[in-house]
Amino acid sequence: MLRFLIIFLLIMGGLFALELTPPGQALVHPWAALLAGFSTTLITLFDSTVISYNNVIQSQANGFAVAIEAGCNAVEACIVLAAAILAFPSPWRHKILGLVMGMIVVQAFNILRIISLFYLGQWRMDAFEFAHLYLWQGLIMLDVLVVWLIWIRTMPVESTARHGA
C-alpha cells in the first residue's frame, strides 16, 4: 500500500508538472478548444443557435457564453486517474486498456458537465456558480474514483494472484 501511494504521488506530481510546461500547455489549450467544438456539435443537435470559437461556447439567442479553461477540461482528473492506474500493480495490457477506457469515460462525463453548465448558466447564475465551483468538481473526482475502482474489479484473476493484490 505504501509502495502504491509513493508511486502514485510521484507519477501525479510529474504529470502535473509536465502539464504546466510549455509543451504541456501546447496540448492543453487545443484540447479545451476541441472540447468546446465537440460540445457545441452535440448542443446544435437540439439548439441551432449555439456556436463555438476557440475554447468558448456561446448562445447566439441571448449572448450567454462559457469558456473552457484550465481545470474545466478534465485534464487534471485524467492525470489523477492515470497516476492511480499506473501506480497500481497490474499487467501493462490491463493498464493501457484502463487508461484508454477511463479517459474516455472521464471526458464523456466532462462533456455532460460542460453542456449542463452552459444551460444552467442561462437559467440561474447562482445555481451555475454552485454547480461549477462545488458540485461538478466533486462529481468529476468521484467519477475518477468510480472508474478506478471498476478498473480494479476487472483485474485479470491471474494478475491478482501474481501481484498479491
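Residues numbered from 1 in each chain as written. Predicted model: local features only at pLDDT ≥ 70, side-chain atom pairs only at ≥ 80, totals over all residues. Heavy atoms only, no water.

Looking at the packing of helix α3 (residues 75-87) against helix α5 (residues 125-153)
Link 1 in the chain: In the contact formed by α3 and α5, the axes pass within 10 Å of each other and the chain directions differ by 25 degrees. Comparing their axes, α5 and α3 come out roughly parallel. Helix-helix and strand crossings are classified by hand; for α3 and α5 the assignment is right-handed. Residues A77, V80, L81, A84 and I85 of α3 pack against I140, M141, V144, V147, W148 and W151 of α5.
Link 2 in the chain: Of the residues contributing to the contact of α3 with α5, the split by class is 11 nonpolar, no polar and no charged. (Axes fitted to C-alpha atoms, helices over the stretch in contact; angles between N-to-C directions. Helix = DSSP H or I, 4+ residues; strand = E, 2+ residues; numbered from the N terminus. Parallel < 35°, antiparallel > 145°, perpendicular 65-115°, else oblique. Left-handed = near helix turned anticlockwise from the far one by under 90°. Contact = heavy atoms within 4.5 Å. Nonpolar A, V, L, I, M, F, W, Y, C, P; charged D, E, K, R; others polar.)

Digging into the nonpolar core
Generally speaking, soluble globular proteins have nonpolar side chains that are buried together.
Link 1 in the chain: In this structure, F8, I57, I68, L81, V106, F118 and W148 are the most contacted members of the largest nonpolar core, which totals 43 residues.
Link 2 in the chain: Elements that contribute at least two residues to this core include exactly α1 (2-20), α2 (22-43), α3, α4 (92-123) and α5.
Link 3 in the chain: Tallying contributions element by element places α3 first for this core, with 11 residues. (Core = buried A, V, L, I, M, F, W, Y, C linked by side-chain atoms within 4.5 Å. Buried < 20%, exposed > 50% of the residue type's maximum accessible area, 1.4 Å probe, protein only.)

Describing the packing of α3 against α4
When two helices pack together, you describe them by how their axes are tilted relative to each other and by the distance separating the axes.
Link 1 in the chain: Viewed as axis vectors pointing N to C, α3 and α4 meet at an angle of 160 degrees, and their least axial separation amounts to 10 Å. By the angle between their axes, α3 is roughly antiparallel relative to α4. Considering only the axes of α3 and α4, their crossing is right-handed. Residue-level contacts link V75, A77, C78, L81, A82, I85, L86 and A87 of α3 to W92, K95, G98, L99, G102, M103, V106 and Q107 of α4.
Link 2 in the chain: Taken together, the residues of the contact of α3 with α4 break down into 12 nonpolar, 3 polar and 1 charged.

Side note on the layout of surface pockets
Regions of empty space are outlined by a rolling probe, equal in size to a water molecule, passed over the atoms.
Link 1 in the chain: Taken as a whole, the largest pocket holds about 380 Å³ of empty space.
Link 2 in the chain: The wall of the largest pocket is formed by 13 residues, among which L27, V28, V75, C78 and I79 lie closest to the centre.
Link 3 in the chain: Those elements giving two or more residues to the lining of the largest pocket turn out to be α1, α2, α3 and α4.
Link 4 in the chain: Classifying every residue of the lining of the largest pocket gives 10 nonpolar, 2 polar and 1 charged. (1 Å grid on protein atoms, 1.4 Å probe; cavity = no way out; pocket = protein on both sides within 12 Å on 5 of 7 lines; lining within 4 Å. Points joined across faces, edges and corners; volume = space filled by probe spheres on them.)

A few points about the side chain of S39
Link 1 in the chain: By secondary structure assignment, the location of S39 is in helix α2.
Link 2 in the chain: Apart from the residues lying within four places of it in its own chain, the contact partners of S39 are I57, I111, I114 and I115.

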